[in-house]
Amino acid sequence: MQFIDFKKEHFTHDEETGSYFIEIPKDEIDFGDIKVQEKKQDGAYSSTSCELVDESTMITIKMETPADIRVSF
């Protein structure tokens, strides 16, 4: 399994909904299953609450507050 780490600075703020999001082209992460984990203060990763929007060419990860995350695929 491969992964990409994102810092909270990578998130874009959606002014209308108040949420934050990252868009990832599907050709960068293949077309398989995706797991999103949040980096904790001790450096370990654990499950996080987020919304995944799966479109034909793009995956959008939406969160209420930005965080350092790992996207595994």
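Residues numbered from 1 in each chain as written. Predicted model: local features only at pLDDT ≥ 70, side-chain atom pairs only at ≥ 80, totals over all residues. Heavy atoms only, no water.

(A) Focus on the sheet that holds strand 6 (residues 51-54). The four strands are arranged 2-3-7-6 in an open sheet whose pairing can be described as antiparallel. Where the open sheet ends on each side, the last strands, each with one partner, are strand 2 (12-13) and strand 6. Looking at chain direction, strand 2 and strand 3 (residues 20-25) are connected through two bridges and run antiparallel. Among the inter-strand pairings, H13 is bridged to a residue of strand 3, identified as Y20. (Pairing = 2+ DSSP bridges. Helix = DSSP H or I, 4+ residues; strand = E, 2+ residues; numbered from the N terminus.)

(B) Structural view of the pairing of strand 6. Two strands pair when backbone bridges link them, and strand 6 and strand 7 (residues 58-63) are joined in this way by four bridges, in the antiparallel orientation. The residue of strand 7 that forms the bridge with D54 is I59. Two successive antiparallel strands, strand 6 and strand 7, enclose a turn made up of three residues.

(C) Examining the sheet that holds strand 4 (residues 35-39) more closely. The antiparallel open sheet is built from four strands, whose spatial order is 1-8-4-5. At either end of the open sheet lies a strand with only one pairing partner, and these are strand 1 (3-6) and strand 5 (45-47). On average, adjacent strands in this sheet sit at an angle of 30° to one another, irrespective of strand direction. (Axes fitted to C-alpha atoms, helices over the stretch in contact; angles between N-to-C directions.)

(D) Geometry of the pattern of salt bridges. If you walk through the whole model with that rule in mind, you get two salt bridges. A salt bridge links D5 to R70; its shortest N-O distance comes to 2.7 Å. Of this pair, D5 sits in strand 1 while R70 sits in strand 8 (residues 69-72); the two residues are 65 residues apart in sequence, bridging distant segments of the chain. R70 gets classed as buried once you look at its relative accessible area, which sits at 19%. In this structure, K26 engages D54 in a salt bridge whose closest nitrogen and oxygen atoms are separated by 2.4 Å. Linking K26 in helix 1 (residues 26-29) with D54 in strand 6, this pair joins segments that are 28 residues apart in sequence. Judged by its relative accessible area of 10%, K26 is buried. (Salt bridge = Lys/Arg side-chain N within 4 Å of Asp/Glu carboxyl O. Buried < 20%, exposed > 50% of the residue type's maximum accessible area, 1.4 Å probe, protein only.)

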